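Here is how the chains run, residue by residue.
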Amino acid sequence: MTSEPKQDRSRVTRRHLLEETIDCLAELGWGATTVSLVAQRAGVSRGAAQHHFPTREDLFTAALEVMFEARMEQARREATDLPTGPGRTEAVVSRLVDYYTGTLFKAALQVWTAAAADPELRARIVPLEERFGRIAHRTAVEHLGFDDSDPVAHRLMQATLDLARGLGLADVLTDDSKRRAEVVRNWSAQLDAALAHRGDEAPPRCGESAPPRCGDEAEPRGGDEAEPRSGESVERPDHA
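Everything numeric here is computed off the predicted structure, so don't read it as measured data.

A closer look at the overall build of the protein chain
Part 1 of the argument: Secondary structure summary: the protein chain contains 9 helices and 0 strands in total.
Part 2 of the argument: In sequence order, the secondary structure elements of the protein chain are arranged as α-α-α-α-α-α-α-α-α.
Part 3 of the argument: Counting every position in the protein chain, which comprises 240 residues, the buried fraction comes to 31%.
Part 4 of the argument: Per element, the accessible surface of the protein chain, about 15500 Å² overall, is 51% carbon and sulfur.

Some points on the environment of L109
Part 1 of the argument: Its place among the elements puts L109 in helix α6 (residues 103-116).
Part 2 of the argument: Sequence spacing of L109 and A26 is 83 residues, and the spatial spacing of their C-alpha atoms is 8.4 Å.
Part 3 of the argument: Once you skip the residues sitting within four places of it in the chain, L109 turns out to touch L169 and V172.

Focus: the packing of helix α5 (residues 88-100) against helix α7 (residues 119-144)
Part 1 of the argument: Interhelical geometry of α5 versus α7 gives an angle of 160° and a closest axis separation of 10 Å. Taken together, α5 and α7 sit at an angle that is classed as roughly antiparallel. Viewed along their axes, α5 and α7 form a crossing whose handedness is right-handed. Where α5 approaches α7, its residues R88, T89, V92, L96 and Y100 are matched on the opposing element by A136, A140, H143 and L144.
Part 2 of the argument: Looking at side-chain class alone, the contact of α5 with α7 contains 6 nonpolar, 2 polar and 1 charged residues.

Digging into the nonpolar core
Part 1 of the argument: Ranked by size, the top nonpolar core spans 55 residues in total, and within it L64, L96, Y100 and M157 carry the most contacts.
Part 2 of the argument: Not counting residues up to four positions away in its chain, the partners in contact with L96 are A140, M157, T160, L161 and A164.

Focus on empty space enclosed by the protein
Part 1 of the argument: Using the criterion set out here, one finds 1 cavity of 30 Å³ or more in the structure.
Part 2 of the argument: In this structure, the largest cavity spans a volume of roughly 60 Å³.
Part 3 of the argument: Looking at the largest cavity, the residues that line it are M72, V92, R95, L96, Y99, A136, T139, A140 and H143.
Part 4 of the argument: At the level of elements, α5 and α7 are the ones that each hand at least two residues to the lining of the largest cavity.

What counts, and where the lines are drawn
- Residues numbered from 1 in each chain as written.
- Predicted model: local features only at pLDDT ≥ 70, side-chain atom pairs only at ≥ 80, totals over all residues.
- Heavy atoms only, no water.
- Helix = DSSP H or I, 4+ residues; strand = E, 2+ residues; numbered from the N terminus.
- Buried < 20%, exposed > 50% of the residue type's maximum accessible area, 1.4 Å probe, protein only.
- Areas by Shrake-Rupley, 256 points an atom, 1.4 Å probe, with all protein chains shown as cover.
- Contact = heavy atoms within 4.5 Å.
- Axes fitted to C-alpha atoms, helices over the stretch in contact; angles between N-to-C directions.
- Parallel < 35°, antiparallel > 145°, perpendicular 65-115°, else oblique.
- Left-handed = near helix turned anticlockwise from the far one by under 90°.
- Nonpolar A, V, L, I, M, F, W, Y, C, P; charged D, E, K, R; others polar.
- Core = buried A, V, L, I, M, F, W, Y, C linked by side-chain atoms within 4.5 Å.
- 1 Å grid on protein atoms, 1.4 Å probe; cavity = no way out; pocket = protein on both sides within 12 Å on 5 of 7 lines; lining within 4 Å.
- Points joined across faces, edges and corners; volume = space filled by probe spheres on them.

Purely spatial values, then, with no claim about function.
In structure tokens, the structure reads:
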């Protein structure tokens, strides 16, 4: 009966360490974020922190993974709050950009920068970043209702994610919120126009026939006689 409270305390401690790691990375950067500082801010000893995460790299990568998954789960729950109709695309893109201008992205950026010069850390971060990208892509596709099997729609979604990352970088040093809102609004309108155009070019559904293109000749229906072309004679059977 005494083991359950201890396990609960362990989970709470672990979670608190991960949250403080993200905050430290975002506020203070890679160099200043140490296990000792994270433990101090979490209210535990360095030994307790190392019990959960033996190395600094273990702590940082676990923090990014757990907090990102929590953020995406929150995004899935928030999907019910998204508007329907013309304003949905802008709402989805705006929320996606918010992910890349928040604390988690700023913390991840610190780790990615350090990983660029550290082959061992890079080997741990690259698969994590690829996984993050797949989850973010899938979540955005679900919220926008894209047909991701359409190569054009797929590339537009990738471009949207790249745009969100770029806007996140632009926000690191200065408040870029005013220009960012304008970019989001314009890009959302471009997305709506491009996808509406793709819808106009959709192939005919099962049971429907495509209209003849300019220059095509319609084939005669079964049982109908084709009209003779100019210069041709028509032989008719003799009647008894």
